[in-house]
Each structure stands twice: as C-alpha cells, then as structure tokens.
Amino acid sequence: MKDENFLKAHNAKSFWHPMTAPSDSLKNPPAIIVGAEGVRIRDIDGHEAVDAVGGLWNVNLGYSCQPVKDAITAQLDRLPYYSTFRGTSNDCVIELAEELRRFFGPDGLTRAFFTSGGSDSVETALRLARQYHKIRGEAGRTKYLSLKKGYHGTHFGGASVNGNANFRTAYEPLLPGCFHIPAPYTYRNPFNESDPAKLAQLCLQALEDEIAFQGAGTIAAFIMEPILGAGGVIPPHASFMPGVEALCRKNGILLIADEVITAFGRTGAWTGSRLWGVKPDFICTAKAITNAYFPFGAVMIGEGVAQVFEADETGKAAIGHGYTYSGHPVGAAAALACLAETERLNVKDNAAARGTELHQGLLALQARHEAIGDVRGGHGLMCALELVADRATKKPADKAVPGRVQAVAYQAGAMVRVSGPNIILSPPLVLATADVQTILAALDKGFAAL
Ligand SMILES: Cc1ncc(COP(=O)(O)O)c(C=O)c1O
C-alpha cells in the first residue's frame, strides 16, 4: 500500500466519488478509512469513531463478523464464481433461496431472484411487475406510482420512481409513466398537516385520486420504502402502508416494498412490511443481506406473482432479465452465513432497544440545540435530525451547517452522515448502549460548536 501522504494527495484525482461533485471531493478531502473493528472505524490518521452510519445502512453486524468472513474465504477457495443463467446453478444459491423462503415466509414471499445490489433489486421488481401483468393479459398496466422523498437507487427505473430531484434532474428525461404522490412527512407537506394519522389519510386520498386519474388498468405497481430512509428517515403513521396495500389490492396494482435498508431487522422488526402488518408482492433487498461484505441482493417474490409466472405455458413468463452476478456463489455463501448470524444474534430486538435510546437521546438534544428542527425515528436504528435556521419558520439551515456538525462530531468520536439538511443515523444493529451515548455526546459537541 502507498504511504499516507501519497493517498491523501491522490484521493479523488483519478476517481470520482458517487453522490458528490468531483471538485467537492478535491476541495473537501474525505476521511480515508483504513480499518474497522466491531462498530468502530479507523482513519488513515489513526482516529477512531463509532460508525453511526453503519457503512451505508448495511454493516448491520459490525466489522468483525467472522462467520461471514469465513464463509467468503471458504467459498472463494471452493468455487469463486459460476453463472446461474439458464442451464447452471450452484449449491450455495439453492440453499440460500430455501433459507430466504423460510425467513420471508411470514411476509408471504416464497421465491427469490438474485441481484448485485439495491438498484438492481429495484430494477428487477419493476420489470417483473410489468411482466406479471403481460402474462395475465393486462399489457396496458405499465405505469409506476411512488412517494415523493422516496429513494430507490440510481438505475434509470429506480431514478424514475425516486422522489428527490437531486437524483433526477441531471439525468432527465427519465422513464415515462412514473407518478408521485406526497410522502407522509409530517414536518413538511403540501397539506400543512402535522398530525401523522390525518396526514396518512390525506396521502392515501391523494393516491386514490391518482389511481383514478391515471386509470387503474394502466398501473403496474406502487413502490415504497416501509420507512423512507435516504429521503431523511420518514416513518409513516402505522395506518399508511396498510392503506396503500388495500388500495393496491382493490385496483389490481402490485405492491413493491423497497426494503434495501429495512429488511433484516433495522426497524426493530425482521422486515419493514412486517412492522406494518403488510404483505407486499415483492420485497427488494440488498445491503445487510451479506453485512456489506459482498455486493449482493435478492428480490423476494410473493406466492401469487410466483404462481402466475410458473403456470404460464405461452412463453410470456420467460425472464429476459438478470445479472452476470445473479446468484454469485460467494455472495450466496456470505448471505447464508449472514442470515444465520443475524437470527442467532436476534439483532431486531437490539435494534429496537438501542433505537429507542438513540431516539430519546436525540429528542433531548433537540431541547438543547435550536438548529434541530425535527427529530425522526422511533422504529429501530434509523433516525434523522433535520436542521433549520429558524424553528418558527422551518427555514432550512445553511448548506454548510450539517457539515460543520458532522466534522466536530467525527472528531468527538462518531461518524454521522449528512444528506441535504439532514443528519442521518443508521448504525450497526449490534450497537451497545455505551455506543449510543458516544454518538449522542459527539453530536452534542457538534451542535455546541455551531
Ligand atoms: C431504499 C433503497 N433502495 C435502493 C437503494 C439502492 O441500493 P444500491 O446503492 O445498493 O444500488 C438504496 C440505497 O441506499 C436504498 O436505500
């Protein structure tokens, strides 16, 4: 490895970072992470911090998960790759599909389609949803509905259903036939409604209105995150997702739950859909499926959809979709070990307990720091702080402010993530109470320094 000075001088000179301008990476050199253990990361200067970002919502079991590391190395020695396209399979992927079928059984999902990550999983679900309707003789069902503020990755389909202009404008025109309804975001919404239950009903009415306007027979699927994540951690009222499910069922629209961050325990339930008592037609997963140690994903498919594909004798159910790395044996081995460890540690319960501590602590910080306009969380280990310049008018904080909080918090021992006006927290689910306190104390210092 090149020395420290070389690395610092060359970062971003020959590669572009995702989700920022190339010039920004040069002007604001990022922390260069060189090591990690447990829930802590270590940078090139030897500084250590609790990783309150959890990698990128994906290192649920922390950085020292030996069973997953062992599974990857053993599989690399045994069979480092083979394709699962027509005609070949591998032992790990078969076993994994059975395990996932068991795990997602309570969600009504019984088949898996494997991918290389979250955007791939979203793309897969969107495409299979259209195909489902074509097999059933409803070829006119091609449109997609989704939520403003939703995040569904960056492939063209996913970006088209995304509800944030930052991921859309530079890449337009996007897919035609994608329409958005207001998110159940109590802090800011077009209805000026701050009561979560009332807002959920208003958003559901907007959905019903949009379905009637578009014509139910033109809509393939509705896609949503059970708790909106990257858009700033927006937990809907408990009535919202069941309401969406009911409208979808009534109108023959498939429901895609994008659980790229919520599956495997993050919300305090094993899936976000289960948290709300909903049985979607697809669940998109990725990220924590391998604890981030190998790029991998799975789209889980509902029994009803599966039966339509499997009963087809016309040829319309031939899947013309897939990735070179779909069902990668090393990813499958990692996912098998990860799922076993995820269940053995019962991380959903720790996520719920530590999540409550974190959320309560953030509310206490809000009482001390004027810049915190809104605190969101309360369902597992996903929380956000929305920063404002003025609480009364909710004027967003100056762009530089969240970055200043983050920089001080990092030096004080916690890595947090800035996304627009929000500070987002998505730590590993194996977090301890002492780690929660470290994160809160570091944020306290960050806000005190403003
Ligand atoms: C809900 C959701 N869907 C899709 C994605 C895209 O996943 P990836 O970045 O692995 O392509 C993300 C990533 O954060 C996500 O949060």
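In what follows, the accompanying structure is described. Remember, it's a predicted structure, so these values are computed and weren't measured experimentally. (Residues numbered from 1 in each chain as written. Predicted model: local features only at pLDDT ≥ 70, side-chain atom pairs only at ≥ 80, totals over all residues. Heavy atoms only, no water.)

**Here we look at the overall build of the chain**
Here's step 1: When helices and strands are counted, the chain shows 15 helices and 16 strands.
Here's step 2: The C-alpha atoms of the chain give 22 Å as radius of gyration, which agrees with the globular expectation for 450 residues (22 Å, within 12%).
Here's step 3: The C-alpha extent of the chain, read off along each of the three principal axes, is 65 × 60 × 40 Å.
Here's step 4: By residue count, 54% of the 450 residues in the chain fall in the buried class.
Here's step 5: In the chain, of all internal contacts separated by at least 6 residues, the share reaching a separation of at least 24 is 71%.
Here's step 6: Summing over all exposed atoms, the chain offers an accessible surface of approximately 19000 Å²; the carbon and sulfur share of this is 54%.
Here's step 7: For the chain, the centre of its 42 positive side-chain charges and the centre of its 44 negative side-chain charges are spaced 4 Å apart. (Helix = DSSP H or I, 4+ residues; strand = E, 2+ residues; numbered from the N terminus. Rg over C-alpha atoms; globule rule 2.2 N^0.38 Å. Buried < 20%, exposed > 50% of the residue type's maximum accessible area, 1.4 Å probe, protein only. Contact = heavy atoms within 4.5 Å. Areas by Shrake-Rupley, 256 points an atom, 1.4 Å probe, with all protein chains shown as cover. Lys, Arg positive; Asp, Glu negative; His and termini not counted. Charge placed at Lys NZ, Arg CZ, Asp CG, Glu CD.)

**A closer look at the site of the ligand**
Here's step 1: Residues in close proximity to the ligand include Gly-117, Gly-118, Ser-119, Tyr-151, His-152, Gly-153, Glu-225, Asp-258, Val-260, Ile-261 and Lys-287, which together make up its full environment.
Here's step 2: Between Ser-119 and the ligand, the recorded distance is 2.6 Å, taken from a side-chain N or O atom to an oxygen atom.
Here's step 3: In this structure, Asp-258 approaches the ligand through a side-chain N or O atom, which is 2.7 Å from a nitrogen atom.
Here's step 4: Notes on the ligand: free accessible area 390 Å², of which the protein chains cover 81%.
Here's step 5: Looking at the shell around the ligand, its residues break down into 3 nonpolar, 5 polar and 3 charged. (Near = heavy atom within 4 Å. Polar contact = N/O pair within 3.5 Å; in protein donor to acceptor, adjacent residues only side chain to side chain. Nonpolar A, V, L, I, M, F, W, Y, C, P; charged D, E, K, R; others polar.)

**Structural notes on the packing of helix H13 (residues 347–368) against helix H15 (residues 433–448)**
Here's step 1: It is the contact of H13 with H15, at a shortest axis distance of 10 Å, that shows an interaxial angle of 20 degrees. What the angle tells us is that H13 and H15 run roughly parallel. Crossing of H13 against H15: the hand is right-handed. Residues Arg-354, Glu-357, Leu-358, Gly-361, Leu-362, Leu-365 and Arg-368 of H13 form the contact with H15, whose own contacting residues are Thr-433, Val-436, Ile-439, Leu-440, Leu-443 and Asp-444.
Here's step 2: Classifying every residue of the contact of H13 with H15 by side-chain character gives 7 nonpolar, 2 polar and 4 charged. (Axes fitted to C-alpha atoms, helices over the stretch in contact; angles between N-to-C directions. Parallel < 35°, antiparallel > 145°, perpendicular 65-115°, else oblique. Left-handed = near helix turned anticlockwise from the far one by under 90°.)

**Description of the nonpolar core**
Generally speaking, a soluble globular protein has its nonpolar side chains buried in company with each other.
Here's step 1: Leu-100, Phe-222, Leu-362, Leu-425 and Leu-443 are the most contacted members of the largest nonpolar core, which has 98 residues in total.
Here's step 2: A total of 9 residues in this core trace back to one element, the largest contributor, which is helix H12 (residues 329–344).
Here's step 3: The next biggest cluster of nonpolar side chains, apart from the first, holds 27 residues, and it includes Ala-129, Tyr-132, Ile-256 and Ile-301. (Core = buried A, V, L, I, M, F, W, Y, C linked by side-chain atoms within 4.5 Å.)

**Description of the sheet that holds strand S10 (residues 297–302)**
Here's step 1: Here 7 strands make up an open sheet; going across it, the order is S4-S10-S9-S8-S7-S5-S6 and the pairing mixed. Bordering the open sheet on either side are strand S4 (109–115) and strand S6 (178–181), each of which pairs with just one other strand. Each strand of the sheet is rotated relative to its neighbour by a mean of 20 degrees, with strand direction disregarded.
Here's step 2: Sheet analysis places strand S5 (residues 143–147) next to S6, joined by 4 bridges and oriented parallel. Directly across from Tyr-144, in S6, lies its bridge partner Cys-178.
Here's step 3: Its contacts with the sheet put helix H8 (residues 196–214) on S5, S6 and strand S7 (219–224), and the angle it makes with S6 is roughly 155 degrees.
Here's step 4: Together, S4, strand S8 (254–258), strand S9 (282–285) and S10 form the strand contacts of helix H11 (residues 303–311), whose direction differs from that of S10 by roughly 85 degrees. (Pairing = 2+ DSSP bridges.)

**Examining helix H9 (residues 240–250)**
Here's step 1: For H9, every residue scored as buried is listed here: Phe-240, Met-241, Gly-243, Val-244, Glu-245, Leu-247 and Cys-248.
Here's step 2: Buried-residue contacts for H9 involve S5, H8, S7, S8 and helix H10 (272–275).

**Section: the packing of aromatic side chains**
Here's step 1: For the structure shown, the criterion picks out 8 aromatic pairs.
Here's step 2: Between Phe-103 and Phe-264, the aromatic rings sit 5.4 Å apart at their centres with planes inclined by 25 degrees, giving stacked as the arrangement. Remark: Phe-264 occurs in the loop between S8 and H10 and Phe-103 occurs in helix H5 (residues 91–103); sequence separation between them is 161 residues. Like Phe-103, the residue Phe-264 is buried in the burial classification.
Here's step 3: Geometrically, the ring pair formed by Tyr-151 and Phe-167 is edge-to-face, given 4.9 Å between the ring centres and 70 degrees between the ring planes. (Phe/Tyr/Trp six-rings, centres within 6.5 Å; stacked < 30°, edge-to-face > 60°.)

**Looking at the pairing of S4**
Here's step 1: Counting buried residues along S4, 5 of its 7 residues qualify, which places the element largely inside the surrounding structure.
Here's step 2: As paired elements, S4 and S10 share 6 bridges and run antiparallel to each other. When the sheet's bridge partners are listed, Arg-111 is paired in S10 with Ile-301.

**Some details on the side chain of His-359**
Here's step 1: With respect to the helices and strands, His-359 occurs in helix H13.
Here's step 2: The contact partners of His-359, leaving out residues within four places of it in the chain, are Val-375, Arg-376, Gly-377, Gly-378 and Cys-383.

**Thoughts on the sheet that holds strand S3 (residues 48–51)**
Here's step 1: Strand order in the open sheet formed by 4 strands is S1-S2-S3-S14, with mixed pairing between adjacent strands. Among the strands making up the open sheet, the edge pair consists of strand S1 (33–37) and strand S14 (414–415).

**Looking at unusual backbone geometry**
Here's step 1: Residues Glu-172 and Pro-173 are joined by a peptide bond in cis, for which omega reads 5 degrees.
Here's step 2: Along the chain, Pro-173 falls in the loop between helix H7 (156–161) and S6.
Here's step 3: You will see that Ala-12, though not glycine, has its phi angle at about 70 degrees, which is positive.
Here's step 4: Residue position: Ala-12 is located in the loop between helix H1 (4–10) and helix H2 (22–27).
Here's step 5: Even without being glycine, Met-19 reaches a positive phi, approximately 60 degrees.

**What about H5?**
Here's step 1: The end-to-end C-alpha distance of H5 is 19 Å, a good match for the 18 Å that 13 residues give at a rise of 1.5 Å each.
Here's step 2: Turning to H5, its buried residues number three or more, namely Cys-92, Val-93, Leu-96, Leu-100 and Phe-103. Along H5, the residues classed as buried sweep out an arc of 85 degrees about the axis, all on the same side.
Here's step 3: The opening residue of H5, the one whose side-chain oxygen lies 3.2 Å from the backbone nitrogen of Cys-92, is Asn-90. (Expected span 1.5 Å × (residues − 1). Arc of directions from axis to C-beta.)

No statement about biological role is implied by the geometric values presented.
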